[in-house]
Amino acid sequence: MSVLIVIPARYASSRYPGKPLVSLRGAGGAAKTLIRRSWDAAMAVQGVARVVVATDAGSIRAEAESFGAEVVMTSPECANGTERCAEALALLGGGHDIVVNLQGDAPLTPPWFVEELVAGLRADAEAELATPVLRCEGAMLSSLRADRAAGRVGGTTAVFGTGNRGLYFSKEVIPYTGRDYAPEAPTPVFHHVGVYAYRPETLLAYSGWKVGPLETLEGLEQLRFLENGRRVLCVEVEARGRQFWELNNPTDVPRIEAMMAAMGLN
């Protein structure tokens, strides 16, 4: 099955304008833009036929092409990364069995997250899209709670049922646990990793659906699939010692740089 990775990257982020061009320093002190580090993460995934950057900004296109990335120009009217991936797929003319949305603000995504996501979708014929979830240890749960207490938009959590079918995703910390955990202790809370693997027909249908009340309230694009009765597969992945965080706010830059330093990522 042919796999396409699309990296959606827009300039006019409401929380962090120009985010794809923000510089991040690695363990060796080398500075690379966020879009470059996201491209590097995509290129590390095995079994992928094609990787493209989908953007609406000439400045991002110029940066991406400077390090050899293939770029597809998409509309500034795309409301989120999934809509941008759908438009990119339509412009590329199809020809792929699975389309992966590796969002341009997740440069620390380990390659096996994507590989296991693709494998999960291949193995489950009923699933229409798949997304990875990571069981929180106590330290991660504390970090998520601290972000919410401070009014910051931090990570997203996920709950799922039988057959790992997605039930809900939220920027709040769910499910409620009512207790604290030791830093390395496993918890019943799962951090949603913002990567998606879609069946092409499901992805192309997405832009034709109206934005529902849950997506409006949470600001989470994946809720549109649930609101339209689509089967979402949550694939549990393991960090294998890797730290993971998305760049959502300017305050996340030093956090991600510290993680790269700790993991020796240049």
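Quick note: structure is the one above.
Residues numbered from 1 in each chain as written. Predicted model: local features only at pLDDT ≥ 70, side-chain atom pairs only at ≥ 80, totals over all residues. Heavy atoms only, no water.

*Asks:* Help me understand the overall build of the chain, please; the structure alone is not making it clear to me.
*Replies:* Looking only at helices and strands, the chain features nine helices and 12 strands. Here the C-alpha radius of gyration of the chain, 17 Å, is about what a compact globule of 266 residues would show, namely 18 Å. Overall, the C-alpha framework of the chain stretches about 50 × 45 × 35 Å when taken along its three principal axes. When the 266 residues of the chain are sorted by exposure, 52% land in the buried category. Considering only contacts in the chain between residues 6 or more positions apart, those separated by 24 or more positions represent 71%. (Helix = DSSP H or I, 4+ residues; strand = E, 2+ residues; numbered from the N terminus. Rg over C-alpha atoms; globule rule 2.2 N^0.38 Å. Buried < 20%, exposed > 50% of the residue type's maximum accessible area, 1.4 Å probe, protein only. Contact = heavy atoms within 4.5 Å.)

*Asks:* Can you help me understand the nonpolar core in this one?
*Replies:* Nonpolar side chains in soluble globular proteins tend to end up buried together. In this structure, Ile5, Ile7, Val53 and Val100 are the most contacted members of the largest nonpolar core, which totals 55 residues. Take this core: its biggest share by element is six residues, from helix H4 (residues 111-123). For Ile7, the contacting residues outside a window of four places in its chain are Ile35, Ser38, Trp39, Ala42, Val51, Val52, Val53, Ala54, Leu102, Gln103 and Gly104. Leu92, Trp209, Leu223 and Val232 belong to the second largest nonpolar core, which has 26 residues in total. (Core = buried A, V, L, I, M, F, W, Y, C linked by side-chain atoms within 4.5 Å.)

*Asks:* Honestly, the side chain of Glu221 in this entry has me stumped. Any pointers?
*Replies:* Tracing the backbone shows Glu221 in the loop between helix H7 (213-218) and helix H8 (223-227). For the buried Glu221, which has no salt bridge, the nearest side chain bearing the opposite charge is Arg224, at an N-O separation of 7.9 Å. At 2.5 Å, the side chain of Glu221 and the side chain of Thr82 are in polar contact. Every residue in contact with Glu221, bar those within four places of it in the chain, is listed here: Asn80, Gly81, Thr82, Asn101, Gln103, Tyr196, Tyr206 and Glu215. (Lys, Arg positive; Asp, Glu negative; His and termini not counted. Salt bridge = Lys/Arg side-chain N within 4 Å of Asp/Glu carboxyl O. Polar contact = N/O pair within 3.5 Å; in protein donor to acceptor, adjacent residues only side chain to side chain.)

*Asks:* Sorry, what's going on with the pattern of salt bridges here?
*Replies:* Close approach of charged atoms lets side chains of opposite charge pair. Enumeration according to the criterion identifies 19 salt bridges in this entry. Across the pair Glu215 and Arg224 runs a salt bridge whose closest N-O atoms are separated by 2.8 Å. Here the two residues Glu215 and Arg224 agree in accessibility, since each one is buried. A network of salt bridges, in which partner residues are shared, links Asp147, Arg152, Asp252 and Arg255.

*Asks:* What's the story with the pairing of strand E9 (residues 166-170) in this structure? I'm lost.
*Replies:* On a regular strand, one side chain projects to one face of the sheet and the next to the other, so that they alternate. Across four bridges, the pairing between strand E8 (residues 156-160) and E9 is antiparallel. By the bridge assignment, Val159 is partnered in E9 with Tyr168. (Pairing = 2+ DSSP bridges.)

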